[in-house]
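Structural overview
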Amino acid sequence: MFLTSAAPSCLSKTQAFLDREHKLLIDGEWVSAQSGKMFEVKNPATGEVISSVAEGDAADINSAVAAARRAFEGGEWPSLTASQRGKLLWKLADLLEENLAEFAELESLDNGKPRAVAAAADVPLAVDLFRYMAGWTTKIEGTTIPISVPYMPGAEFHSYTLREPVGVVGQIIPWNFPLLMAAWKLGPALATGCTVVLKVAEETPLTALRLGELIREAGFPNGVVNIITGFGETAGAALAAHPDVDKVAFTGSTEVGKLIVKAAGESNLKKVTLELGGKSPNIILPDADLAAAIPGAANAIFFNHGQCCCAGSRLFVHKSQFDEVIDGVSKQAAAIQVGPGMHPDCQMGPMVSQIQQDRVCSYLDSGLKQGAEAVVGGKRVNGGGYFVEPTVLVNTQPNMQVIQEEIFGPVVAAIAYEDVEQLVSDANDSIYGLAAAVWTRDISKGHQIARRMRAGSVWVNCYNVFDAALPFGGYKQSGWGREMGYEAINLYTETKAVTVQLQ
Ligand code: NAI
Ligand code: MG
């Protein structure tokens, strides 16, 4: 169902932000790119240019890294107490919350997602993440360790560990949750006392720039957070290869993740964390409550237009219920109100870009050519923006691209199973291991399948449940390390073992 009536215009403060001149945040100042170049920002619902931003490249990355290094080594930031760091993070959360409506509009205009979803999920999750991480600042503790040292009989020691910030961190984020990905990255880095150069996605630079304004307003010292808008091959690659960056944290495609690892290895062996693609299985067992599982399966794939690394893109349904479930999910798909994200009735917006629309449609074409059938959807929506119909594919085969590769669009491939043992092995048969879900009334079975899934997140009788306290990340080629929770704090610190010989 496509919404045809016009979307309302945005708030005047949102418009004022779009109209501002957008520069790079380096050392606490907004500066132009050294090249003087700018690039356009488009509204994916219409293809219209809504703003333009500075095009940072390697030269600007160099300045930003130097500023982050200075802020890490001396001055105000390292001298702040843990409590003071926490207070700054909490203040940032408060400022973000105060500006929720503006952020939701910017996210909708820039990324295409429904404004209502950004207001209910993206922005509140980012606020909560900063508050959660503010709480950790005062709880990053080492341990005391009794040691024996067999070759020093009689000697007495006091040994302990310190957890120290890893240093200058390069963070490269994607466009599917622009503000939230910035928060997932910045939160633990700032909680632990690192300094940051954040390279935002070229498709969606706006909310990170607005967040940069709030970071200044909150009172973070200069150079602690530097924000670079620019392209992956130039600014992103320079950050990953920079010899004075201690860690790079990346979210995006598995292909670029491999380039990041290579760049880190060839430069200075900086630490690397990666959050990459997925092809997550969503399993409906025969005893599931279908009244919950059917809308759950639709939400698993159609939330955020399928542009979710953890999207439930392979739907496993028992043969005996296949027709009923597919009919139900297809009805849900057909009823989704697709249109501009700013429209009050919008439930699904456009793909983020023409490139992404083309990529998703080329997967659809390849699946249909190989014999898959679209029960609903199957093509782009003709019109101004980059819309794709919510699609349910059946008659799929294990060797098809639509089963093996991440589509990153509103396309679910349904697979009928007969035997639960075979199901577990088929569900795990992927190069990815980001998420999985199982729907069942038998809670023991739910736990058992959860244990057997080779995936970083498993949901039972739910999907897409995120929380700042829950670690998120991938097995296999879905990544290295975890975001959020205490795990993220660990990955932004180094452990130092200190040993004192008692005289
Ligand atoms: P991408 O991996 O190219 O972009 C993600 C970020 O990496 C952006 O900030 C980009 O500027 C940067 N980047 C690109 N090339 C780089 C390089 N050589 N060195 C350093 N940084 C670089 O993803 P893209 O092209 O936007 O989307 C392609 C596919 O990737 C999607 O269809 C989807 O399958 C997957 N993807 C997965 C995401 C996730 O959340 N895991 C997010 C975005 C995309
Ligand atoms: Mg790319």
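The sections below set out a description of the structure shown in this document.

The rules behind each value
- Residues numbered from 1 in each chain as written.
- Chains lettered and ligands numbered in written order.
- Predicted model: local features only at pLDDT ≥ 70, side-chain atom pairs only at ≥ 80, totals over all residues.
- Heavy atoms only, no water.
- Helix = DSSP H or I, 4+ residues; strand = E, 2+ residues; numbered from the N terminus.
- Buried < 20%, exposed > 50% of the residue type's maximum accessible area, 1.4 Å probe, protein only.
- Lys, Arg positive; Asp, Glu negative; His and termini not counted.
- Salt bridge = Lys/Arg side-chain N within 4 Å of Asp/Glu carboxyl O.
- Polar contact = N/O pair within 3.5 Å; in protein donor to acceptor, adjacent residues only side chain to side chain.
- Contact = heavy atoms within 4.5 Å.
- Expected span 1.5 Å × (residues − 1).
- Near = heavy atom within 4 Å.
- Areas by Shrake-Rupley, 256 points an atom, 1.4 Å probe, with all protein chains shown as cover.
- Pairing = 2+ DSSP bridges.
- Axes fitted to C-alpha atoms, helices over the stretch in contact; angles between N-to-C directions.

**Some thoughts on the side chain of Glu406**
- Position of Glu406 among the secondary structure elements: in the loop between helix 14 (401-404) and strand 16 (411-417).
- The side chain of Glu406 sits in the buried core without any salt bridge; Arg359 is the nearest counter-charge, 8.1 Å away.
- Of note is the side chain of Glu406, whose polar atom sits 3.0 Å from the backbone nitrogen of Gly278.
- Aside from chain neighbours lying at most four places away, what touches Glu406 is Gly277, Gly278, Lys279, Cys308, Cys309, Tyr363 and Tyr432.

**Remarks on helix 4 (residues 82-98)**
- For helix 4, with 17 residues, the first-to-last C-alpha span of 25 Å sits near the 24 Å given by 1.5 Å per residue.
- Taken as a whole, helix 4 has its buried residues at Arg85, Gly86, Leu88, Leu89, Leu92, Ala93, Leu95 and Leu96.

**Some thoughts on helix 2 (residues 58-73)**
- Between its first and last C-alpha, helix 2 extends 22 Å over 16 residues, near the 22 Å set by a 1.5 Å rise per residue.
- Those residues of helix 2 that fall on the buried side of the exposure criterion are Asp60, Ile61, Ala64, Val65, Ala67, Ala68, Arg69, Ala71 and Phe72.
- Downstream of helix 2 by one or two residues, Gly75 has phi in the positive range, about 80 degrees.

**Some words on the site of ligand 1**
- Taken together, the neighbourhood of ligand 1 is formed by 26 residues, with Trp175, Lys199, Glu202, Ser253 and Glu406 sitting nearest.
- Measuring from an oxygen atom of ligand 1, one finds a side-chain N or O atom of Trp175 at 2.6 Å.
- Gln356 places a side-chain nitrogen or oxygen 3.1 Å from an oxygen atom of ligand 1.
- For ligand 1, whose free accessible area comes to 810 Å², the fraction covered by protein is 90%.

**As for the sheet that holds strand 18 (residues 435-439)**
- Across the sheet, 7 strands lie side by side as 14-15-16-13-12-18-19; this open sheet has mixed pairing. Strand pairing shows two members of the sheet lacking a second neighbour, strand 14 (373-376) and strand 19 (457-460), which therefore form its edges. Taken over all neighbouring pairs, the strand axes of this sheet differ in orientation by 25 degrees on average, direction set aside.
- One ladder, built from 3 bridges, connects strand 14 with strand 15 (residues 391-394); its direction is antiparallel. Of the residues in strand 15, the one forming a bridge with Ala374 is Leu393.
- Contacting strand 12 (281-284), strand 13 (314-318), strand 15, strand 16 and strand 18, helix 11 (residues 290-302) crosses the sheet at an angle of about 170 degrees to strand 12.
- Where helix 15 (residues 420-427) meets the sheet, it contacts strand 12, strand 13 and strand 16, and its direction lies at approximately 175 degrees from that of strand 13.

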